[in-house]
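The residues making up each chain are set out below.
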Amino acid sequence: MKSLLSTATMKSVRTGAVGKIDVVDVERPVPGPKDALMRIRACGICGTDTHFLHLGGIPFGPGGSMISLPLGHEPAGEIIELGSDVTGLKVGDRVVVNPQSAPSGIIGCGGAHGGMSEYLVIEDAVVGRSVAVLPDTVPYAVAALNEPMAVARHCVNRSEADPTDKVVVFGAGPIGLGVTIWLKLRGVQHVTVADVIPERLDTALAVGADAVINSATEDITARLTDLHGPAANALGQPRAGTDIYIDAAGAPAVFDATIAAAKWGAKMVMVAVQKKSDSIDLGGMLRSELTLIASQGYPTEIFEVTPDIAEHHERFAKLISHRVPFTDVQHAFELALTPGAAEKVVVTFDDRQ
């Protein structure tokens, strides 16, 4: 088919020097017979992106040296060109992608392609496996939340929370807030969110949390006992009636707070990337028979979440703190790299966000 594009290059964001990005001109990808080409309209910035920037790339070079990589694994955009063998898609479709399905490597995480670019080739474009279509009612910036919301959904699936459970979510960043939304949409009766930043707690209430705790100033066990009722651990010591603890913060203090509050048979789901801790009170875990559950990525959830995001897109939009145009992408990454400066930054590629 005739290409809708007029130039052979595009702008793409890559890791630069430590803590910096480079915006470079690269060859625009050309889709093969099984591929589709999407014009990126929005792409979120993730903690993984900033991790790569702190490293100055990835250690895949000779002797473990750092090499630059294209960034961005949270893109949303529109199909502008299709390979001859692609079915189920049409030019103009609004789409999100599965970053982990690309044969050339995970998009934006060490693979050949990054979503923080003007265009992205969807290799082996198969609806429901590598790409999903959204209705036109969903703003591109909200559609770009699909990948992190799949991470949050997997955490909730791992928790097996049911409507009778009482849950606390530590960390009101994008993942913790996404977990909160999914828990409430699942029908969980009471969800509390704990964080140290008041503005984040305000957002938690706005997306549906039943209560919030400022863990910098409040006694977590006492507040959870007030909210979820009294209980005890296996030795009969008083504890909070909370059923499920979710760590979306990754701070060692979360483990300490959970063990101090956990009743007999409570569960803890760990979805945040963990920061190093000197020790974990295994004796405390034993006294509560606390079950620790790890949650990594989105084995099945990447497109499970897509129709729900479409239905509740106004609610998910509250997670975005900053929409920054691609023309100011340097500033977008500066915001993401500065602790406390932003919650969720989405880079937009045109005015229609």
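Computed from a predicted structure; not experimentally measured.

1. A short note on the pairing of strand β4 (residues 75-82)
Argument step 1. For β4, the buried fraction is high: eight of the eight residues fall into the buried class.
Argument step 2. Bridge count between strand β3 (residues 36-44) and β4: seven bridges; the pairing is antiparallel. Counterpart to A36 in the pairing with β4 is L82.
Argument step 3. When β4 meets strand β5 (residues 94-97), the two strands line up antiparallel, connected through three bridges. Its bridge partner being in β5, E78 is matched across the sheet by R94.

2. Concerning the environment of L290
Argument step 1. Relative to the helices and strands, L290 resides in the loop between α8 (282-288) and β15 (291-294).
Argument step 2. Under the relative-accessibility criterion, L290 is labelled buried at 10%.
Argument step 3. Separated by 49 residues in sequence, L290 and P339 have C-alpha atoms that sit 32 Å apart.
Argument step 4. When near neighbours in sequence (up to four residues on either side) are disregarded, L290 contacts T258, I259, A262, A266, K267, M268 and M285.

3. A closer look at the nonpolar core
Argument step 1. V169, V179, W182, L183, V193, I246 and F316 are the most contacted members of the largest nonpolar core, which has 51 residues in total.
Argument step 2. The greatest single-element share of this core, amounting to six residues, is contributed by helix α3 (residues 146-159).
Argument step 3. Within the second largest apolar cluster, 35 residues are counted, among which are M38, V95, A102 and I107.

4. Looking at the packing of aromatic side chains
Argument step 1. Counted according to the given criterion, the structure contains two aromatic pairs.
Argument step 2. Where W182 meets F316, the ring centres are 5.0 Å apart and the plane angle is 50°; that geometry is what we call tilted. Of the two residues, W182 is situated in helix α4 (residues 174-185) and F316 in helix α10 (residues 313-316); the sequence distance between them amounts to 134 residues. For the pair shown, W182 and F316 are each scored as buried.
Argument step 3. Between F326 and F349 the ring centres are 4.5 Å apart and the planes differ by 20°, which places this aromatic pair in the stacked class. Remark: F349 occurs in the segment after β17 (345-348) and F326 occurs in the loop between β16 (322-325) and α11 (329-337); sequence separation between them is 23 residues.

5. Considerations on the pairing of strand β1 (residues 9-15)
Two faces, one strand: in a regular strand the side chains alternate between the faces of the sheet.
Argument step 1. The pairing of β1 with strand β2 (residues 21-27) spans seven bridges and is classified as antiparallel. Looking at the pairing, T9 lines up with E27 of β2.
Argument step 2. If you look at the hairpin formed by β1 and β2, you'll find five residues sitting between the two strands, and G19 has a positive phi there, around 80°.

6. As for α4
Argument step 1. With twelve residues, α4 extends 16 Å from end C-alpha to end C-alpha; this agrees with the ideal 16 Å at 1.5 Å per step.
Argument step 2. Taken across its twelve residues, α4 has ten buried, putting it largely inside the fold.
Argument step 3. Along α4, the residues classified as buried are P174, G176, L177, G178, V179, T180, I181, W182, L183 and K184.
Argument step 4. Looking at the residues trailing α4, positive phi occurs at G187, about 95°.

Calculation notes
Residues numbered from 1 in each chain as written. Predicted model: local features only at pLDDT ≥ 70, side-chain atom pairs only at ≥ 80, totals over all residues. Heavy atoms only, no water. Buried < 20%, exposed > 50% of the residue type's maximum accessible area, 1.4 Å probe, protein only. Helix = DSSP H or I, 4+ residues; strand = E, 2+ residues; numbered from the N terminus. Pairing = 2+ DSSP bridges. Contact = heavy atoms within 4.5 Å. Core = buried A, V, L, I, M, F, W, Y, C linked by side-chain atoms within 4.5 Å. Phe/Tyr/Trp six-rings, centres within 6.5 Å; stacked < 30°, edge-to-face > 60°. Expected span 1.5 Å × (residues − 1).

Any link to function would need more than the numbers given here.
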